[in-house]
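# Residue-level structure breakdown
Chain by chain, the residues:
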Amino acid sequence: MPSYTVTVATGSQWFAGTDDYIYLSLVGSTGCSERHLLDKAFYNDFERGAVDSYDVTVDEELGDIQLVKIEKRKYWLHDDWYLKYVTLKTPSGDYIEFPCYRWLTGEGEVVLRDGRAKLARDDQIHILKQHRRLELETRQKQYRWMEWNPGFPLSIDAKCHRDLPRDIQFDSEKGVDFVLNYSKAMENLFINRFMHMFQSSWSDFADFEKIFVKISNTISERVMNHWQEDLMFGYQFLNGCNPVLIRRCTELPAKLPVTTEMVECSLERQLTLEQEVEQGNIFIVDFELLDGIDANKTDPCTLQFLAAPICLLYKNLVNKMVPIAIQLNQVPGDENPIFFPSDSKYDWLLAKIWVRSSDFHIHQTITHLLRTHLVSEVFGIAMYRQLPAVHPVFKLLVAHVRFTIAINTKAREQLICEYGLFDKANATGGGGHVQMVQKAMQELTYTSLCFPEAIKARGMDSTKDIPYYFYRDDGLLVWEAIRAFTADVVGIYYESDQVVEEDPELQAFVKDVYVYGMRGRKASGFPKSIKTREQLSEYLTVVIFTASAQHAAVNFGQYDWCSWIPNAPPTMRAPPPSAKGVVTIEQIVDTLPDRGRSCWHLGAVWALSQFQENELFLGMYPEEHFIEKPVKEAMARFRKNLDGIVSVIAERNKNKKLPYYYLSPDRIPNSVAI
């Protein structure tokens, strides 16, 4: 009688093993086996991290093995099990791999296909077509779209983390408990002793060091020492944690009535302001999105305020960015003066602090939350709903949506919900952050997620004109490495544009993103369908780059740049000044966040800047969803390209007082998971 050797690998994460009964059935081209209990006498099967082998004898020839069915039945109590893969050695000596990488819960079962990636058109056998269809039908019941707030991208239909399908939950929910993590961070930073003085102001700038000095590092310490300088202020628009707003100014806006006489002392080329604009030396950051946003009113004891500044920057003779004019609200007028470096020290300093605070709000809610977290969740939900596990695009993307839906669900549960942690310290809490996302969604476009095009659209693409824009330089290297990798994978499975166009599952995935994620908004420019291999490669690059590199660039520098509170105030307790010459140091300190909000803010930026335990970085694919040699070779080339980028960035950063490393591939996690 034919005999098969079955090897079963159990996951190595916590609680991956099981004591339940595990049964296996084989489905072949000429017959099906009976159900076999996988059990060895006097042996603890399916322990965490174990690889167990069993001999399975069948009554008759089964032909080519098409499916492996694994069933889990209760032994004592329900015991979840994480199955990595099954390997089958056939009677003829061939080895067949069946990747799984899924949880079996309750009286669970899973039907696996071998690891070769297949498009729908490759499946001609009825049982394989049926398996493909049933998998998607099941997933579409599990992964349902939901509107969390009007105007938001749709998200997963789950009220809390434990409502999610087990396969996309965190291994340990405790590890991503925001309340726990922020409290732990404040404890680790020795700042919880200030929390009882929640409403009280700090004495002066030096007083902020009481909560800062315990965790100083090179960048944050340098920020603390140099935050008042114009050069440090300008540098952050290029290489801080929100390097996506600055754009070349091609025409001075009417709402910022600045003249040459007003900024003459800042211009170094003996040109008029208009001539400087023509030569490409003037840059602008406009926080128009904040105009009309409601400030946080959740704490009746503390009034909080927002502004919508416009900041003009100048590229000086040594190609460094410096601010030359700041207007704190959008409509010019006597009570909305324009501030200049030539004004009194504290007038100019407070104007810059207002810009830094506004930058923090746009960064947290739009650059970070909307444009990485929520967008990546859309790609993840659409992938699970429309692409079966055997599809090459599923195999490619699954590592890049790992834990993304879970972290966002947790954020909706604890962080950005009504009365959530976001309300505690941020001026845009209490609903302002929701209004911001609703406004920003009207401007979210597909091309703005294509890194090279986004840089070019802001007029920031010239390395000669703007030589110190490391976010651009490193981002383009990583984008190109990902694009080359996706082009390789697309080339392996799609031999022509026609195959792309005729792939119903791929088209359904792209359509799901457009219709539900982007709410069918034509102006978003998100494709409704994909017609060529080149388009597909770019689309996959957008998905992977957004989840990995873009998120890393705007997330992991938060402690570096935002821990010195005056450099990134999460709230302001007095309105923007409406006149010049009246600002004092005492007034600035009373405007900055109080002790309690400063502590919450510091705990938040510390917790958000930490990598996950067992983090997987770009190019790491420990789950072997792909088994074919050409794809494994493409992955090896990808890793080699990324290693080269790591070396280039390390060499550039040598001896730099402010190294830029957020886009070094060895610091870019594969997915949005924090």
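Residue positions within a chain follow its written sequence, with the count starting from 1. The predicted origin of the model limits local features to residues at a pLDDT of at least 70 and limits the giving and counting of side-chain atom pairs to 80 or more, whereas totals for whole chains, interfaces and linings rest on all residues. In computing side-chain properties, one takes all heavy atoms of the structure into account and sets aside hydrogens as well as water.

So, about the overall build of the protein chain. A count of helices and strands for the protein chain gives 21 helices and 15 strands. Taking 2.2 N^0.38 as the reference for a compact globule, 674 residues should give roughly 26 Å; the C-alpha atoms of the protein chain span a radius of gyration of 28 Å, in line with that estimate. Exposed residues in this analysis have more than 50% of their type's maximum accessible area, buried residues have under 20%, and partly exposed residues fall in between, with area computed by a 1.4 Å probe over protein chains only. Residue burial in the protein chain is summarised as follows: out of 674 residues, 59% are buried. Accessible surface, the protein chain as shown: approximately 27500 Å² in total, 51% of it carbon and sulfur. All tallies of charge rest on Lys and Arg as positive and Asp and Glu as negative; His and the ends of each chain are not included. Charge positions are represented by NZ for Lys, CZ for Arg, CG for Asp and CD for Glu. Between the averaged position of the 73 positive side-chain charges in the protein chain and that of its 89 negative side-chain charges there is a distance of 1 Å. By definition, any uninterrupted DSSP run of H or I lasting at least four residues is a helix, any uninterrupted run of E lasting at least two residues is a strand, and each is numbered from the N terminus. Two things to know: the radius of gyration comes from C-alpha atoms, and the globule rule equals 2.2 Å times the number of residues to the power 0.38. Computed with a 1.4 Å probe, the accessible areas rest on the Shrake-Rupley method; for each residue, only the protein chains presented here act as cover.

Our next topic: the packing of aromatic side chains. Within 6.5 Å between ring centres, the rings of Phe, Tyr and Trp (the latter by its six-membered ring) count as paired, and their orientation is classed by plane angle as stacked under 30 degrees, edge-to-face over 60, tilted in between. In the structure shown here, the tally under the stated rule is 28 aromatic pairs. An angle of 5° between the planes, with centres 4.6 Å apart, marks the rings of Tyr143 and Tyr384 as stacked. With Tyr143 in the loop between helix H1 (126-142) and strand E9 (145-146) and Tyr384 in helix H8 (residues 345-386), this pair connects stretches of sequence that are 241 residues apart. Each of the two residues, Tyr143 as well as Tyr384, counts as buried. In this structure an aromatic cluster arises from ring pairing among Phe379, Tyr446, Phe509, Phe526 and Tyr539.

Domain boundaries in the protein chain define domain 1 (3-114) and domain 2 (138-244 + 359-673). A separation of 38 Å is found between the C-alpha centroids of domain 1 and domain 2. Interface area, domain 1 with domain 2, both sides summed: about 1100 Å², of which 54% is carbon and sulfur. Contact with domain 2 buries area across many residues of domain 1, yet Glu97, Tyr101 and Trp103 alone supply 46% of it, more than any other trio. The salt bridge criterion pairs a side-chain nitrogen of Lys or Arg with a carboxyl oxygen of Asp or Glu, the two atoms within 4 Å. Viewed at the interface, domain 2 and domain 1 are joined by 1 salt bridge. Between Arg166 and Asp80 there is a salt bridge, and its shortest N-O distance comes to 3.6 Å. By the criterion applied in these results, polar contacts are pairs of N or O atoms within 3.5 Å in which, for protein atoms, one can donate a hydrogen and the other can accept it, and in which residues neighboring in sequence qualify only through two side-chain atoms. In this assembly, domain 1 and domain 2 are joined by 3 residue pairs in polar contact (both at pLDDT 80 or more). Here the element with the most residues in the side of domain 1 that touches domain 2 is strand E7 (residues 95-104); it accounts for 5 residues. In this count, Pro and Cys sit with the nonpolar residues alongside Ala, Val, Leu, Ile, Met, Phe, Trp and Tyr, while Asp, Glu, Lys and Arg are called charged and the others, Gly among them, polar. Of the residues in the side of domain 1 that touches domain 2, the class split is 4 nonpolar, 2 polar and 4 charged. For the domain bounds, the source is a domain assignment made automatically or taken from a database. The term buried area refers to how much accessible surface (probe radius 1.4 Å) is lost by two components on association, counted for both of them together.

Now for the sheet that holds strand E3 (residues 36-37). Spatially, the 4 strands line up as an open sheet ordered E3-E2-E5-E8, and their pairing is antiparallel. Edge positions in the sheet fall to E3 and strand E8 (109-112), since each of these pairs with one other strand and no more. By the bridge criterion, 8 bridges tie strand E2 (residues 21-28) to strand E5 (residues 65-73) in an arrangement that is antiparallel. Bridge pairing links Ser25 to Lys69 in E5. Any two strands between which DSSP finds at least two bridges are classified as paired.

Pairing within the open sheet is antiparallel, and its 5 strands lie in the order E11-E12-E13-E14-E15. Across the chains shown, the open sheet's two edge strands, defined by having one partner strand only, are strand E11 (247-248) and strand E15 (338-339). Both E11 and strand E12 (residues 282-286) contribute to a ladder of 2 bridges, which runs antiparallel. By the bridge assignment, Arg247 is partnered in E12 with Ile284. Against the sheet, H8 engages strand E13 (310-315), strand E14 (321-327) and E15, with an angle of about 95° to E14. We call two residues in contact when some of their heavy atoms are within 4.5 Å. Lines are fitted to the C-alpha atoms to define the axes, a helix being fitted only along its stretch in contact, and any angle between axes, read from their N-to-C directions, falls within 0 to 180 degrees.

Now for the UniProt feature "binding site: Ca(2+) 2" (unreviewed entry) in the protein chain. UniProt positions are given in the numbering used here, feature names are shortened, and annotations may be inferred rather than shown by experiment. The positions that UniProt labels "binding site: Ca(2+) 2" (unreviewed entry) are, in the present scheme, Asp39. Mapped onto the elements of the fold, Asp39 is located in the loop between E3 and strand E4 (51-57). Look at Asp39 and you get partly exposed, because its relative accessible area is 48%. In this view, Asp39 contacts Asp45 and Tyr54; residues no more than four positions away in its chain are not counted.

In summary, soluble globular proteins display a tendency toward joint burial of nonpolar side chains. If you look at the biggest cluster of nonpolar residues, it comprises 158 residues, and the most contacted ones within it are Ile246, Tyr494, Phe509 and Trp561. Ignoring anything within four residues of it in the chain, the contact list for Ile246 reads Phe237, Leu238, Phe283, Ile284, Val285, Leu313, Met321, Arg458, Met460 and Tyr469. Buried Ala, Val, Leu, Ile, Met, Phe, Trp, Tyr and Cys residues that are joined via side-chain atoms within 4.5 Å together make up what is termed a nonpolar core. Judged by nonpolar contacts, the second largest core, of 25 residues, contains Val8, Leu26, Ile70 and Val110.

Along any regular strand the residues' side chains alternate between the sheet's two faces. The element E13 is largely enclosed, with a buried count of 6 among its 6 residues. Here E13 shows a buried face lined by Ile310, Leu312 and Tyr314 and a second buried face lined by Cys311, Leu313 and Lys315. In the sheet, E12 pairs with E13 via 5 bridges, with the strands oriented antiparallel. The residue of E13 that forms the bridge with Asp286 is Ile310. Relative to E14, E13 runs antiparallel, the two sharing 6 bridges. In the sheet register, Cys311 faces E14, and the bridge partner there is Ile326. Between the end of E13 and the start of E14, which pair antiparallel, lie 5 residues, with Asn319 showing a positive phi angle near 65°.

UniProt records the feature "domain: PLAT" (unreviewed entry) for residues 2-118 in the present numbering. Secondary structure across residues 2-118 divides into 0% helix and 49% strand, with the first and last C-alpha atoms of the span separated by 28 Å.

Another point: unusual backbone geometry. A positive phi angle, near 55°, is found at Tyr101, a position not held by glycine. In this model, Asn319 sits at a positive phi of 65°, which is unusual for a non-glycine residue. By the element assignment, Asn319 lies in the loop between E13 and E14. The exposure class of Asn319 is partly exposed, given its relative accessible area of 26%.

Moving on: the pairing of E7. Within E7, 7 of the 10 residues are buried, which leaves the element mostly enclosed by the surrounding structure. Remark: 5 residues form the turn of the hairpin made by strand E6 (residues 81-89) and E7, two consecutive strands paired antiparallel; Gly93 in that turn has positive phi of roughly 95°.

What follows covers the side chain of Ser563. One can find Ser563 in the loop between helix H18 (558-562) and helix H19 (585-591). We classify Ser563 as buried; its relative accessible area is 1%. At 2.6 Å, the side chain of Ser563 and the backbone oxygen of Tyr559 are in polar contact.

At a closest axis distance of 9 Å, the pairing of H8 and helix H16 (residues 504-517) adopts a crossing angle of 140°. Considered as vectors, H8 and H16 are oriented oblique to each other. At the point where H8 passes H16, the crossing takes the right-handed sense. Contacts between H8 and H16 involve Val378, Phe379, Ala382, Met383, Arg385 and Gln386 from the first element and Glu505, Ala508, Phe509, Asp512, Val513 and Gly517 from the second. Looking at the contact of H8 with H16, its residues break down into 7 nonpolar, 2 polar and 3 charged. Any angle from 65 to 115 degrees is called roughly perpendicular, while one under 35 is roughly parallel, one over 145 is roughly antiparallel, and all others are oblique. Handedness of each helix crossing follows the sense of rotation of the near helix against the far helix: counterclockwise by less than a right angle gives left-handed, clockwise gives right-handed.

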